[in-house]
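Listed below are the residues making up each chain.
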Amino acid sequence: VYSPEIDRMADCVTPSEEPGVPDEPLYLPSLAHGLPPVPPADLDPYLDAAAACFARHGIGRTSVPDIARELGISRTTVYRQVGTVEQAARLLLARELHRFLAQLPAVLAGAIGPETVIRLLVAVTLFAREHPVLAKVLADEPELIGPFLTGELPELVRRVTAVATPLLERAMAAGLVQRRDPAVLTEFLVRVTLSLVLSPPPGDLAGFLDQTVLPALAR
Amino acid sequence: MMMLVAKLRWGADAPQDTATARARLLDAAEACFQRYGVVKTTVEDVAATAKVSRATVYRYFANREDLILGVLLREAGRFLGRLTVEINREPSFDRAVVESVLFTVDAVRADQNLALLFAPEAVGLTTSLAGASEALFELTADFLRPLFEDARASGEMCADIDLDEAAEWTLRAVLSLITIQGPVERDRVRQRSFLSTFLVPALAARPATRSPRRRHGPTPPTSSRRPSAELASRPVTSPQGRPKSA
């Protein structure tokens, strides 16, 4: 259901081919640890069905029988495979995050400069805002966002940091991005993204980020 | 006749004007937020607490969201008075920015009513209301504008950032720090350094541009490593060679 959107996001971020940075293979830490775990691919049909229900009714108004009906299977099977609605929502989040992170190194192959980071922020923000489940939550279930921000965010930042750190370190070593603590820089970028997703700026997103984020990245 | 209608609606002590009526409804809303929490409070609850009909509440506030925003704006307005005193103590623009953000975040956490608006179950609602609120933005921008204008006059403020965007960026930093405590709890020193590293560069003049020689324009690109024009002109293709989605 979501891979076309992720493809589209990948399309937005054209990798730079600046010379001077060796194209070493990157160490990509396993994303399968911590909570919620990344679900195996054979859960995809369940998570796609859950996502369809969430986008239609909202997470709070979706029941396990709804998901079962969507798939035309018994509710017992849904319970056994993905658990409760809340567990399905967390698995869906883990899957979407993992899909996004897993392709970052390829999307950002080659050199990362400040402008590439801005383009990535724009792409992620648009992707998140257009995601049917998140759009539904933002519109009709904003009360779900707070517990997520306090509950799941530390783990989300950890996972983004694990993937982003080697990429940012390479950019810093190549002198393309101002040297900062990669973990702190990643947290900053996640905060910016969340701010933009929760309350979109009125004007041009890229122009706004050029004014505000670029100075913290540029050397 | 108007007074009589008002008296019937409000009971014995009808408010003298719109501002008083709104203030009393906001008092009632705050009492309800304390009692039931922000998310569970209904317009009906506020009406009952203020001892008026629901229709009366709707004459002053469009809905529950409008009441939440009203409480937020009133508290923010009260708070900015205290913040002025705090800012005037700071010796430089950079420090004034950092300290005012930290002071605001602390004040929100310490304020009975504001802390409730940013409690976990309410924060999503509050943040989307606050972020979308013209009024909160105007309040922030009006407050920050003199600070920014002074800093621009003294050469401490970055020459090419739009002052409204600078205010919006500062408001976003405040909302982000209030909303998300962070993956790690930071002490005061680290909070300061986080803000100095990531908020200040957008607002403050770069050290090099503070010399009179370069003060009047943005720094020209000095390195061929800034690939924005090049990237923008390159055809957009999927790096994995996957077909583009329709």
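Residues numbered from 1 in each chain as written. Chains lettered and ligands numbered in written order. Predicted model: local features only at pLDDT ≥ 70, side-chain atom pairs only at ≥ 80, totals over all residues. Heavy atoms only, no water.

## Quick notes on the overall build of chain A
Each helix and strand in chain A was counted, giving 13 helices and 0 strands. Counted from the first residue to the last, chain A has its helices and strands arranged as α-α-α-α-α-α-α-α-α-α-α-α-α. For chain A, buried positions account for 58% of its 219 residues. Counting only contacts in chain A whose residues sit at least 6 apart along the sequence, the fraction spanning at least 24 positions is 77%. Of the roughly 9000 Å² that chain A leaves accessible, carbon and sulfur atoms contribute 58%. (Helix = DSSP H or I, 4+ residues; strand = E, 2+ residues; numbered from the N terminus. Buried < 20%, exposed > 50% of the residue type's maximum accessible area, 1.4 Å probe, protein only. Contact = heavy atoms within 4.5 Å. Areas by Shrake-Rupley, 256 points an atom, 1.4 Å probe, with all protein chains shown as cover.)

## Description of the confidence of the model for chain A
Any segment with low pLDDT has predicted coordinates that should not be analysed in fine detail. In the predicted model, chain A carries a mean pLDDT of 80, and 84% of its residues have values of at least 70. Overall, residues 1-34 of chain A carries pLDDT values under 50, and its contacts beyond four positions in sequence, including any with other chains, amount to 89 contacts. (pLDDT = per-residue confidence, 0-100.)

## Thoughts on the pattern of salt bridges
One pass over the full model with this rule turns up 22 salt bridges over all chains. One salt bridge connects B:Arg74 with B:Glu30, and the closest N-O pair in it is separated by 3.4 Å. Note that B:Arg74 is positioned in helix α5 (residues 64-88) and B:Glu30 in helix α2 (residues 18-36), a separation of 44 residues in sequence. Each member of the pair, B:Arg74 as well as B:Glu30, is classed as buried. Salt bridges sharing partners connect three or more residues here, namely A:Asp44, A:Asp48, A:Arg95, A:Glu96 and A:Arg99. (Salt bridge = Lys/Arg side-chain N within 4 Å of Asp/Glu carboxyl O.)

## Concerning unusual backbone geometry
As a rule of thumb, non-glycine residues mostly have phi less than zero, and peptide bonds are mostly trans rather than cis. Despite not being glycine, B:Lys51 shows a phi value in the positive range, around 60 degrees. Along the chain, the position of B:Lys51 falls in the loop between α3 (43-50) and α4 (54-60).

## A few points about the packing of helix α7 (residues 114-130) of chain A against helix α11 (residues 182-198) of chain A
All names here are of chain A. Following both chains from N to C, one finds α7 and α11 inclined at 40 degrees, their axes separated by 9 Å at the closest point. Relative to α11, the element α7 is oriented oblique. Here the hand of the crossing between α7 and α11 comes out right-handed. The segment α7 lies against α11, with Val 117, Leu 121, Val 124, Thr 125, Ala 128 and Arg 129 engaging Leu 189, Val 192, Thr 193, Leu 196 and Val 197. Residue classes in the contact of α7 with α11 are distributed as 8 nonpolar, 2 polar and 1 charged. (Axes fitted to C-alpha atoms, helices over the stretch in contact; angles between N-to-C directions. Parallel < 35°, antiparallel > 145°, perpendicular 65-115°, else oblique. Left-handed = near helix turned anticlockwise from the far one by under 90°. Nonpolar A, V, L, I, M, F, W, Y, C, P; charged D, E, K, R; others polar.)

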